[in-house]
Amino acid sequence: ERSESCLGPAPARIHDPMRFDYENPPVQDGHRLHHTVAPNRWCVTRQDLIEFCCLVKKHVAEGKIAPTELDPFDPNDACIGPCVHTITQQLIVPVTEKAGNTSWALMLHPDGLECDIFVTHCWLEGIYECIDKVLNSWPRRARHAYCCMLSNPQNLDIGHLLSIPRESPFALALMSARYMLVVPNRKCSIYSRIWCTYEAFIAYSESKFIFVATPPLKGALHRVLLLLAIEFVVAIASGILLGTSGCSTFDSVNMFVFVRSPALGCITLLYFLRPSRATQVVALVAVLLSGMCAGLTCATCYRVWLNYCDYYISTFAGSVVDAVWSLALCVATAVAEVDRLWAQQSVEEAFNLRRDFTGDLRDAKSLVESDRERILCELELSGQEHRVNFAIEVLLTSGMSTPSLQAAAETVGLLEQAGYWNLSITSMIWVSWFASSLLELANHYKTSGYYATGRPPFVRWQFWVLVFSCLQALVWLGRFKCQGKDTRGFAASAIVKLIGPFVILNLCLPVPNLAMVGLHLVVSPLVLMLSFAGPGGTVKVPVLGRRIARCLMRRWSCGCSRRAPAQCCGCVCAWCVCVC
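These numbers were taken from a predicted model, which means no experiment stands behind them.

A.B. asks: Where do I start with a positive patch on the surface in this structure?
C.D. replies: On the surface, Arg140, Arg141, Arg178, Lys481 and Lys485 cluster together to form a positively charged patch. Along the chain, the position of arginine 140 falls in the loop between helix 5 (127–136) and strand 3 (144–147). When its relative accessible area of 48% is taken as the criterion, arginine 140 is described as partly exposed.

So, in structure tokens, the structure goes:
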């Protein structure tokens, strides 16, 4: 289960940015402090988590944190690490006892910090794994996080604070937070624990943004560089062969168009086809064809600039746009490996969240039976028990649960992996959309401009249609960059499924001018409106809103989202995994 890249001597990875003397912390009155500082201020910063992880690694290396019978962790494992129970007993409790029985958070920040993020976990995950996921998924603009192992005083009896669940420190902190990060683990579903289900209930009741915390993709950069290197070698070979073949510029341009069409087809298949062994072949073909496109483009542009010809590519705009398309093809096929790793990770985290979860909050367990009874009583009196079950199902299916996604799911059904979007095909479609509009604009200026007709080009309506299309592409990109995680998948699906067919056909086949006008004046504005509305706003549109949302969020899958990751079928680019 552990990646070999994570294994190794822990001391080699330790750096010591400590700003606090953990051996001799300042002594405070923990009991008084936790009764004067509100629970929603028992928080730590991102830097605190980084320092805490470094301190754990240091103590493990020195033997101060040792494996136990219940947690026989590997001291040389720098990927998962000791479980939270072990860290609490062997590190947090001794250090905070010296500090006057405060929590770790108030030991560092006696005045407290406002809560922006609430971290929900069940203490069975490894500490390195937990902190990696939280840091990697830390929302933008958020500064402070409540994490029970660090926020609650581990040396004090806080049972009286838990007697009324809604007035517990967990509930008060979560009510003031904007985000909730759900940390899956490899042992069980956190929703098999009653307090985690209660936190889901509070998050749903208070309309919080709930995200699944995921670790950083390991080895992604290495694999992308490997694919780019393969494409570079193929590009050089193709360029040399074309340069020594004696082909005319016209023939080389036709060769480029001939190779570009199947390359685009391969990238499109990687988006729509179910993962299987066949997609491995498609990925390899896409890499080779993309490299050939880059080589043909470079050789053709070099020949054109040396021997100015009358063909359309002799214009500067045509050469630049073809070069941009070739570069986009190469990057898209390489980034497809990141999409594969991302999809594999989302399947694994969804499986970990479903492990031992029955789908009913009432089946959750607790070490203290009285806590379970009080929480179930409150859930029953609220009348929202079934809605909380549905909110958790939205989280498990979509990878996140927000008010917008919940509203859409209640109307059109569960939206599978709504938080996931394909980087390679989305970037390829956007570049093709923008570049094709620019190329049409350049050709229009050449054929209808002042030097060709004696009139300025902006007096014709076609000029403004193309300018409008370019502006729409730029506006969509700006909107996509500023969007939240819960609406990016919807916006990416809109551009791929609505604009994608037009730009791909325009690159491969001659498309009638009327169809391209429809793209610029009808389809593109529709994509912009859908991107701004998101799934929650789209389902409110009368008559067609639900059908559009269901169509855009329906995804091809291998049917393995509920199975163990090891049981899933093969994925793309597996042919290069052995090299990495």
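A.B. asks: Got a minute to help me understand the packing of aromatic side chains in this structure?
C.D. replies: Any pair of aromatic rings gets described here by the distance separating the centres and the angle formed by the planes. Under the counting rule described, the total for this entry stands at 12 aromatic pairs. Here the aromatic rings of phenylalanine 118 and tyrosine 146 are separated by 5.3 Å at their centres, their planes lie at 10 degrees, and the arrangement is stacked. Taken together, the positions of phenylalanine 118 in strand 2 (residues 117–120) and tyrosine 146 in strand 3 put the pair 28 residues apart, joining distant regions of the chain. Each member of the pair, phenylalanine 118 as well as tyrosine 146, carries the same accessibility label: buried. Relative to tryptophan 421, the ring of tryptophan 342 lies with its centre 5.7 Å away and its plane at 80 degrees, an arrangement referred to as edge-to-face. One end of the pair, tryptophan 342, is in helix 12 (residues 316–354); the other, tryptophan 421, is in the loop between helix 15 (403–412) and helix 16 (423–448), and 79 residues separate them in sequence. Grouped by ring-pair contacts, the aromatic residues Phe170, Trp195, Tyr198 and Phe201 constitute a single cluster. Sitting over the face of the ring of phenylalanine 480, arginine 488 holds its NZ or CZ atom 5.3 Å from the ring centroid.

A.B. asks: What is the right way to read the sheet that holds strand 4 (residues 179–182) from this model?
C.D. replies: Within a sheet, adjacent strands bond to each other through the backbone by hydrogen bonds, running parallel or antiparallel. Read from one edge to the other, the open sheet built from 6 strands follows the order 1-3-2-4-5-6, with strand pairing classed as mixed. Either end of the sheet is taken by a strand with one partner, and the two such strands are strand 1 (44–45) and strand 6 (400–401). As paired elements, strand 2 and strand 3 share 3 bridges and run parallel to each other. Bridge pairing in strand 3 places isoleucine 117 opposite alanine 145.

A.B. asks: Would you take a moment to explain helix 2 (residues 46–61) for this structure?
C.D. replies: For the α-helix, the turn length of 3.6 residues means that residues three or four positions removed from each other point alike. With 16 residues, helix 2 extends 23 Å between its outermost C-alpha atoms, agreeing within 8% with the 22 Å of an ideal straight helix rising 1.5 Å per residue. Those residues of helix 2 that sit buried are Asp48, Leu49, Glu51, Phe52, Cys53, Cys54, Leu55, Val56, Lys57, His59 and Val60. Its buried side turned inward, helix 2 meets strand 1, helix 3 (84–98), helix 4 (104–108), helix 5 and helix 6 (148–151). Positive phi shows up at glycine 63, right after helix 2, with a value of about 80 degrees.

A.B. asks: Looking at this structure, how should I read the nonpolar core?
C.D. replies: Note that soluble globular proteins tend to have their nonpolar side chains buried in a common cluster. Phe52, Val56, Leu91, Trp104, Ile127, Tyr146 and Tyr191 are the most contacted members of the largest nonpolar core, which totals 90 residues. Ranked by residue count, the leading element in this core is helix 8 (residues 194–205), at 9 residues. With 53 residues, the next largest nonpolar core counts Ala328, Trp421, Phe480 and Ile504 among its residues.

A.B. asks: How should the packing of helix 8 against helix 14 (residues 385–398) be read in this particular structure?
C.D. replies: One way to put it is that helix 8 packs onto helix 14 with a least axis distance of 9 Å and a crossing angle of 95 degrees. Regarding the angle of helix 8 to helix 14, the classification is roughly perpendicular. Residues Thr197, Ala200, Phe201 and Tyr204 of helix 8 form the contact with helix 14, whose own contacting residues are Arg387, Val388, Ala391 and Ile392. Tallied by class, residues from the contact of helix 8 with helix 14 come to 6 nonpolar, 1 polar and 1 charged.

A.B. asks: Quick question: what am I supposed to make of unusual backbone geometry here?
C.D. replies: If a residue is not glycine, its phi is most likely negative; likewise, a peptide bond is most likely trans. Backbone geometry at tryptophan 123 places phi at a positive 75 degrees, although glycine is not the residue there. Mapping tryptophan 123 onto the fold places it in the loop between strand 2 and helix 5. Exposure remark for tryptophan 123: the relative accessible area of 17% places this residue in the buried category. Its identity is not glycine, yet serine 207 carries a phi of approximately 55 degrees, on the positive side. One can find serine 207 in the loop between helix 8 and strand 5 (209–212).

A.B. asks: Looking at this structure, I do not really get the environment of valine 496. What am I missing?
C.D. replies: As for its placement among the helices and strands, valine 496 is situated in helix 19 (residues 485–508). Residue valine 496 is classed as buried on the basis of its relative accessible area of 6%. Valine 496 sits 228 residues away from threonine 268 along the chain, and the two C-alpha atoms are 9.5 Å apart. Setting aside anything within four residues of it in sequence, one finds valine 496 in contact with Tyr271, Ile425, Thr426 and Pro501.

What counts as what
Residues numbered from 1 in each chain as written. Predicted model: local features only at pLDDT ≥ 70, side-chain atom pairs only at ≥ 80, totals over all residues. Heavy atoms only, no water. Patch = residues over 30% accessible without salt bridge, like charges linked within 9 Å, V, L, I, M, F, W, Y side chains within 5 Å. Areas by Shrake-Rupley, 256 points an atom, 1.4 Å probe, with all protein chains shown as cover. Salt bridge = Lys/Arg side-chain N within 4 Å of Asp/Glu carboxyl O. Lys, Arg positive; Asp, Glu negative; His and termini not counted. Charge placed at Lys NZ, Arg CZ, Asp CG, Glu CD. Helix = DSSP H or I, 4+ residues; strand = E, 2+ residues; numbered from the N terminus. Buried < 20%, exposed > 50% of the residue type's maximum accessible area, 1.4 Å probe, protein only. Phe/Tyr/Trp six-rings, centres within 6.5 Å; stacked < 30°, edge-to-face > 60°. Lys NZ or Arg CZ within 6 Å of the ring centre and 35° of its normal. Pairing = 2+ DSSP bridges. Expected span 1.5 Å × (residues − 1). Contact = heavy atoms within 4.5 Å. Core = buried A, V, L, I, M, F, W, Y, C linked by side-chain atoms within 4.5 Å. Axes fitted to C-alpha atoms, helices over the stretch in contact; angles between N-to-C directions. Parallel < 35°, antiparallel > 145°, perpendicular 65-115°, else oblique. Nonpolar A, V, L, I, M, F, W, Y, C, P; charged D, E, K, R; others polar.

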